[in-house]
Each structure stands twice: as structure tokens, then as C-alpha cells.
Amino acid sequence: MAGHSGSAEVLVPFPMKALVLSGGSGSRLRPITHTSAKQLLPVANKPVLFYGLEAIRSAGITDVGIVVGNTEPSIRQAVGDGSAFGLNVTYIRQDAPRGLAHAVQVARDFLGDDDFVMYLGDNFIVGGITPLVQEFRSLRPDAQIMLTRVSDPQQFGVAELDEAGQVARLVEKPREPKSDLALVGVYIFTAAVHEAVRQLNPSWRGELEITEAIQWMIDAGRKVQSTVITGYWKDTGNVADMLEVNRLVLEGIEPRVCGDVDEGSELIGRVVVEADAEVARSRVVGPVVIGARTRVLGSYVGPFTSVAADCILEDSEIEYSILLEGASLRGVRRIEASLIGHDVEVTPSPAVPRAHRLVLGDHSKVQISS
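In short, a report on the structure. (Residues numbered from 1 in each chain as written. Predicted model: local features only at pLDDT ≥ 70, side-chain atom pairs only at ≥ 80, totals over all residues. Heavy atoms only, no water.)

**Re the environment of glutamine 199**
In step 1: Mapped onto the fold, glutamine 199 is located in the loop between α7 (192-198) and α8 (210-219).
In step 2: In the structure, glutamine 199 is positioned 13 residues away from glutamate 212 in sequence and 9.4 Å away in space, judged by C-alpha atoms.
In step 3: At 3.0 Å, the side chain of glutamine 199 and the backbone oxygen of glutamate 195 are in polar contact. (Helix = DSSP H or I, 4+ residues; strand = E, 2+ residues; numbered from the N terminus. Polar contact = N/O pair within 3.5 Å; in protein donor to acceptor, adjacent residues only side chain to side chain.)

**Thoughts on the nonpolar core**
In step 1: By size, the foremost hydrophobic cluster in this structure holds 35 residues, and its most contacted members are Leu19, Val104, Met118, Tyr187, Phe189, Ile210 and Ile214.
In step 2: Among the elements that make up this core, the one with the highest residue count is α8 (5 residues).
In step 3: Apart from residues lying up to four places away in sequence, methionine 118 is in contact with Leu19, Leu21, Leu100, Val104, Gly185, Val186, Tyr187, Phe189 and Ile210.
In step 4: Ranked by size, the runner-up nonpolar core spans 33 residues in total, among them Leu40, Val68, Val89 and Ile188. (Core = buried A, V, L, I, M, F, W, Y, C linked by side-chain atoms within 4.5 Å. Buried < 20%, exposed > 50% of the residue type's maximum accessible area, 1.4 Å probe, protein only. Contact = heavy atoms within 4.5 Å.)

**Examining the side chain of serine 299**
In step 1: Structurally, serine 299 is set in the loop between β21 (295-297) and β22 (300-301).
In step 2: Judged by relative accessible area, which is 6%, serine 299 ranks as buried.
In step 3: Here the side chain of serine 299 touches serine 316 through a polar contact of 3.0 Å, landing on its backbone nitrogen.
In step 4: Apart from residues no more than four positions distant in its own chain, serine 299 is found in contact with Arg281, Ser282, Arg283, Leu313, Glu314, Asp315 and Ser316.

Written out as C-alpha cells, the structure is:
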């Protein structure tokens, strides 16, 4: 019986790769993304991209192609050859963000004829992708997509299902959506998708749309399977979503104190203080992460705040925020719902004359109470 072909198919899965898209410019997160790749912005002090790579490895996939653009040097520096994640990483250059289907096109040599997961590097999915990969390997459609219900479907690729629950039509960012089912940033394909991609012309956005490739597969009679997820998913493309994902991840942390906390400080709830960090004369209400070598002096750090390494908080108050490496707050009350970039300095303005003095990058958004 050992040589029976039916049992061999069950025991030996088809080879599968992963294609991780990390080439976008992150325009909605400017000015932070003028100098940082949006996929490397931290959630609970770990880059968003790392959560995706860990999910891919947990699903049993080790051969990963990362599509990169202008931020390639920083992505390479952060991920390296992938060995830290148990992965074998190949970098694939995309000259400009020309659409998800274009990313498949430029990765053709890497992908070969293998099945593959396409994962958007700035997406965050609680629970990972292992169940989706197992479902695909069991049913093996030509394409499998994840859907979730959203309140603003105009911002996404939208799926319309027929009466049997099968995908009938996909529309990219429809002006008048006929469904609230948005495509989540994870797709699984067989090599059949390459034929679909070859048929495409640029859309009105000037991009090769993956939704149009999947629609071509549907129209050609290929099997396209959808899974509606009820778990948590976010496209971390703007500050509000970054803060929300940060909140969600922090809710699951275990308290740990590796740095120095003096007797005059109070840690409440789930608080992580990393090695060589210092907390003195301060109150920290979790969930909070204080990064390595950061100093919190005479300050209040409120719930759902991530403070990266080498920051300084002195005589200040902050909550529901993310501070990137090297940022400093001195004598500031009170900061909420903020994303503060690398090496930013925030200090009080002089009391007299009463004026605002600003040095702002392109596309900044500032709220001032006058």
C-alpha cells in the first residue's frame, strides 16, 4: 500500500513559495515614510513586515521572494538573507509600484511553476495564514482569496459573490460598491495566474491589477475559492490603523522587566521594560513596551504605547502612541494617538511670545490648539 498514488498526494504537499510585497512608497504615512519603509514601521517594537514573515514560516513555507523598490536597502538590512526567520530570502526589484499583478510578473523567474502565497508586507492578520494554506492544499483551487467585511469598501478591492457563495466578480476600489467584502492582502495561486497576468493591460490607475487577473481566471472557468475571515485584519497604511494594530498586539504581551525600575516608580498591568532601559520617578500603565536603553524620567506612560530603543521621556505624558527609535519628549503634556518618528525632539514652546514655531516635512498634518 505504501506505493499507492492516492496516499502519496495527501502526504506530499505541492511545493509552495511566498511572494512578499514591500515596494510601496507609503504615501499615507508621510512624512514618516520619506525616510523609512512603511513595512518596517514598528508594532509593539517589531516591524510589521516581521509579523508577516513569521506567519509565512509558521505555515511551513521557507522559500520567500521579497519584492522591493526604492526602500530596498533598509528592507535588506532588516531582513538579511532570511535565516533569522528560518527563511531563504530572494530580493526581486520592481522599478516602480505598478500594481500587484506587475509584482507577480517581475517575480516570474523566482516563482517558476510553483504554487505561492502573495502577502502584502504592510498587512497584519491575527492568527496567521496557516489555516488558509492548509485549506488551499486540501482543495487546491487555481486561486484562493481572503475576504473580510469593511465599512468603507470604496477603499479596497471588492468581491461580489453569487447565490452559491462563489466569487462572481471583483472590482478594484469601486465608486459604487455592490458588496462590503474587501480583499485582504493575502492571496494563494497556482501557476495558472501567470497566464492571467499576461492578458492584462494597465488599469485607469496605470497599474496591473491583481483583481483583474483573478477576474480573468473566473471568466476563463478557473476555480477561484474565497474564505471570509472573521478575525482581525488591518492594512497598516495610515496612522490610525498603525495605532490600532499596536493596541491589539500590546493586549497580548506578557509583562517582563529586564531594565532598571526605581522604588519611586509604579508599573501597572502588562508592562515590558527591555534590557538597559531605565524607569525612574514615573508611572507606567500597561499594556506598554519600553525599548532597550530608553530612559523614562518623571513621566507618565499610558496604555497602548510602544516606546522604541534609545528614546528619552522626561517630565512628559504620553499614551496610545508609537515612538520610533531615538525620539525624545521633554517637558511635554499631554500627547495622545501620535506616531513620532526616528530621532524626533518634542519640547515645550517658550511661553512668550505666544506663537507656534514649526519645522515640518512634506505632506505633514498638524493639529494646533490656539
